[in-house]
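Here is how the chains run, residue by residue.
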Amino acid sequence: MDASKQTVSPSAEFTIFPSVGGELARLDCDDRPFILLAWRGRRVELSGGATHFGFVESGRPTLTCESGEFRLTPGMYFSAVGAAALDGDGLGMVVSQLEHRGFFQLGGPIEATGRLRYIDGCSDSLLIGPIRQGDACLNLLHIPPGTNQTTHTHPSFRAGLVVRGRGVCRTADGETQMTPGAVFVIAAECRHSFHTLGEALTVVAFHPDSDWGPTDEFHPMLNRTYVDGVSASRRRGETP
């Protein structure tokens, strides 16, 4: 299946879920299935045979997974593997990548702005990076006050949670208000842009794929290993 084709329920180029909990959408990227969920103060069970990428917007839920039991606080993010559960008060988002085994990771709280430059004065931080090139990742997107973002597209869907601030997302169908706690999905190839007035807008965004990341031929351990003064990553066809 082409990465631009996906299944979202309800089906739309841009879908927002302002106050809904539980399973929100079933998504697809290159024949890889994903489930978007939100929890709003109620226990959420996360299925086995998957990797779950999550963010805590508010409250102090407990994450139980293969790696143990962890009390989370606002602004924390995680990647949990296998059967898991979130229990307790608060609000958050989880995207489960089915039939995939990633790494367990726990981090946060998020910072006020991103560390990497993005378009139109915005910034981004890579919260959970791809294990290998092509894998999924979780990002922090910061849109400053007074931003009129250039209309753009992505080759795969984006799922996100508004963490703080206010703004609008503009598509061919019009403008949608972005307010804290809202979960949303942007369909692949949807032309869209974010706009702010007096407040900044902060979003945590899940990307199901990437064109960047380590490969067998290019990664820090290999690159910084030298044989006779030459990086092992440059010794093609040879075993260092």
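Structure: above.
Definitions and limits used
- Residues numbered from 1 in each chain as written.
- Predicted model: local features only at pLDDT ≥ 70, side-chain atom pairs only at ≥ 80, totals over all residues.
- Heavy atoms only, no water.
- Buried < 20%, exposed > 50% of the residue type's maximum accessible area, 1.4 Å probe, protein only.
- Helix = DSSP H or I, 4+ residues; strand = E, 2+ residues; numbered from the N terminus.
- Pairing = 2+ DSSP bridges.
- Core = buried A, V, L, I, M, F, W, Y, C linked by side-chain atoms within 4.5 Å.
- 1 Å grid on protein atoms, 1.4 Å probe; cavity = no way out; pocket = protein on both sides within 12 Å on 5 of 7 lines; lining within 4 Å.
- Points joined across faces, edges and corners; volume = space filled by probe spheres on them.
- Nonpolar A, V, L, I, M, F, W, Y, C, P; charged D, E, K, R; others polar.
- Axes fitted to C-alpha atoms, helices over the stretch in contact; angles between N-to-C directions.
- Salt bridge = Lys/Arg side-chain N within 4 Å of Asp/Glu carboxyl O.

### Comments concerning the pairing of strand S5 (residues 50–58)
- Counting buried positions over the nine residues of S5 gives eight, a clear majority of the element.
- Sheet topology places S5 next to strand S10 (residues 91–98); eight bridges connect them, and they run antiparallel. Within S10, the residue paired with His 52 across the bridge is Ser 96.

### Quick look at the nonpolar core
- Ranked by size, the top nonpolar core spans 27 residues in total, and within it Leu 36, Val 183 and Phe 206 carry the most contacts.
- For this core, the element with the highest residue contribution is strand S2 (residues 22–29), accounting for four residues.
- Judged by nonpolar contacts, the second largest core, of 17 residues, contains Leu 63, Cys 65, Met 76 and Ala 80.

### As for the layout of surface pockets
- Approximately 340 Å³ is the volume found for the largest pocket.
- Taken together, the elements giving at least two residues each to the lining of the largest pocket come down to strand S12 (116–117), strand S13 (123–128) and strand S14 (137–143).
- Residue composition of the lining of the largest pocket, by class: six nonpolar, four polar and five charged.
- The space that makes up the second largest pocket amounts to roughly 240 Å³.
- In terms of lining residues, the second largest pocket is bounded by 16 residues, among which Tyr 118, Leu 141, His 154, Ala 205 and His 207 are the most central.

### Let's talk about the sheet that holds strand S16 (residues 167–171)
- With antiparallel pairing, the three strands of this open sheet are ordered in space as S17-S16-S19. At either end of the open sheet lies a strand with only one pairing partner, and these are strand S17 (174–178) and strand S19 (193–195). Sheet twist, expressed as the average angle between the axes of neighbouring strands with direction ignored, equals 30°.
- In this sheet, S17 lies alongside S16 in antiparallel orientation, the contact comprising five bridges. From the neighbouring strand, Gly 167 faces S17, where its bridge partner is Met 178.

### Structural notes on the pairing of S13
- Along S13, five of the six residues are buried, which leaves the element largely enclosed by surrounding structure.
- Inspection of the sheet shows S12 paired to S13 by two bridges, in the antiparallel sense. By the bridge assignment, Arg 117 is partnered in S13 with Ser 123.
- If you look at the hairpin formed by S12 and S13, you'll find five residues sitting between the two strands, and Asp 120 has a positive phi there, around 60°.

### Quick notes on the pattern of salt bridges
- Inspection of the entire model under this criterion finds seven salt bridges.
- Measuring nitrogen to oxygen at the nearest pair gives 2.9 Å for the salt bridge that ties Glu 23 to Arg 26.
- What makes Glu 23 partly exposed here is its relative accessible area of 42%.
- Here Glu 175 and Arg 170 are joined by a salt bridge, their closest N and O atoms 2.6 Å apart.
- The class of Glu 175 is partly exposed, set by a relative accessible area of 49%.
- Residues joined by salt bridges that share partners form a network here, namely Arg 43, Glu 45 and Asp 87.

Fair warning: the whole summary comes from geometry, so function is off the table for now.
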